Amino acid sequence: KQEVTQIPAALSVPEGENLVLNCSFTDSAIYNLQWFRQDPGKGLTSLLLIQSSQREQTSGRLNASLDKSSGRSTLYIAASQPGDSATYLCAPDRGSTLGRLYFGRGTQLTVWP
Amino acid sequence: DTAVSQTPKYLVTQMGNDKSIKCEQNLGHDTMYWYKQDSKKFLKIMFSYNNKELIINETVPNRFSPKSPDKAHLNLHINSLELGDSAVYFCASSQLRTEQYFGPGTRLTVT
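This section reports on the structure supplied with the text. (Residues numbered from 1 in each chain as written. Chains lettered and ligands numbered in written order. Predicted model: local features only at pLDDT ≥ 70, side-chain atom pairs only at ≥ 80, totals over all residues. Heavy atoms only, no water.)

Regarding the packing of aromatic side chains
All names here are of chain B.
For step 1, the next point in the chain: A complete count under the given rule lists eight aromatic pairs over all chains for this structure.
For step 2, the next point in the chain: Considering the side-chain rings of Tyr 35 and Phe 102, the 5.1 Å spacing of their centres and the 35 degrees angle between planes classify their relative orientation as tilted. Of this pair, Tyr 35 sits in strand S4 (residues 31–37) while Phe 102 is found in strand S10 (residues 101–102), placing the two residues 67 residues apart along the sequence.
For step 3, the next point in the chain: The buried category is assigned to Tyr 35, whose relative accessible area is 0%.
For step 4, the next point in the chain: Here Phe 102 falls in the buried class, since its relative accessible area comes to 10%.
For step 5, the next point in the chain: Ring centres of Phe 64 and Tyr 89 lie 6.3 Å apart, and the angle between their planes is 35 degrees; this geometry places the pair in the tilted category. In this pair, Phe 64 is assigned in strand S7 (residues 64–70) and Tyr 89 in strand S9 (residues 87–94), connecting sequence segments 25 residues apart. Comparing Phe 64 with Tyr 89 shows no difference in burial state: the two are buried. (Phe/Tyr/Trp six-rings, centres within 6.5 Å; stacked < 30°, edge-to-face > 60°. Helix = DSSP H or I, 4+ residues; strand = E, 2+ residues; numbered from the N terminus. Buried < 20%, exposed > 50% of the residue type's maximum accessible area, 1.4 Å probe, protein only.)

Some points on the sheet that holds strand S1 (residues 4–7) of chain A
Residues and elements named next belong to chain A.
For step 1, the next point in the chain: A sheet is described by the order of its strands in space; here five strands give the open sequence S1-S3-S8-S7-S6, paired in antiparallel fashion. Edge positions in the open sheet fall to S1 and strand S6 (56–59), since each of these has one partner strand only. With strand direction ignored, the average angle separating the axes of adjacent strands in the sheet is 15 degrees.
For step 2, the next point in the chain: Relative to strand S3 (residues 19–25), S1 runs antiparallel, the two sharing four bridges. Residue pairing for S3: Ile 7 is matched across the bridge by Asn 22. (Pairing = 2+ DSSP bridges. Axes fitted to C-alpha atoms, helices over the stretch in contact; angles between N-to-C directions.)

Considerations on the nonpolar core
For step 1, the next point in the chain: Counting residues in hydrophobic clusters, the biggest one holds 23 residues, and the most contacted among them are Leu33(A), Trp35(A), Leu75(A), Ile77(A), Tyr88(A) and Leu109(A).
For step 2, the next point in the chain: Those residues in contact with Leu33(A) that lie beyond four places of it in its chain are Phe25(A), Leu48(A), Leu49(A), Ile50(A), Leu66(A), Ser73(A), Cys90(A), Ala91(A) and Pro92(A).
For step 3, the next point in the chain: Membership of the second largest hydrophobic core comes to 19 residues, among which are Met46(B), Leu76(B), Leu81(B) and Tyr89(B). (Core = buried A, V, L, I, M, F, W, Y, C linked by side-chain atoms within 4.5 Å. Contact = heavy atoms within 4.5 Å.)

Worth remembering: the numbers are spatial, not functional.
Pasting the structure below:
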């Protein structure tokens with residue numbers, strides 16, 4: 001069974017800081033890994049998807065890396081803004097079951113002006 | 001245009017009732033999912049359909065029954081609702097093994 005851990009559970013930083021959110025998973029037999037953000041009372045918004053053959057993926061100020069063999073992924077947020085405040089969720093899939101995502105409990109990020 | 005939509009957004013009902021939640025996607029995806037997010041915000045998959053065929057069926061009470069009338073729709077019917085069913089239910093869709101797109105969620109409260 002895939003266990004996903006996200007560290008830290010919560011993070012509060014001033015605007016402008018560069019941030020690192022960590023995700024670790026126990027089963028390295030994944031097909032891809034997806035990062036999401038969830039705003040309070042809302043659904044999940046997909047940020048990045050990294051396939052297992054990739055080492056990193058970038059979108060704007062976001063960069064996600066994947067070390068499949070060690071079961072780790074990192075989401076890097078550059079020059080954080082108050083609008084980045086949300087819960088960030090990491091979700092590796094399970095290689096043997098199509099589309100089955102396993103979620104961590106998330107990192108709750110607050111960026112203050 | 002809303003990519004993945006769910007109705008209703010809020011559902012308040014009494015124990016023992018039967019209710020349904022509807023989901024529709026206009027992305028042309030082949031695969032649809034139901035997830036449950038509990039009061040501690042933990043998100044867990046319940047079901048997945050690919051081309052109207054059930055491919056994931058987690059350990060969910062058989063009071064929960066998904067139905068996929070076509071590739072664009074996946075509904076969730078819940079019989080004999082219990083207090084523990086209170087949660088936010090999310091629908092999602094994707095092409096197989098690609099990015100999943102989530103709906104806005106349905107907050108179910110059982111009293």
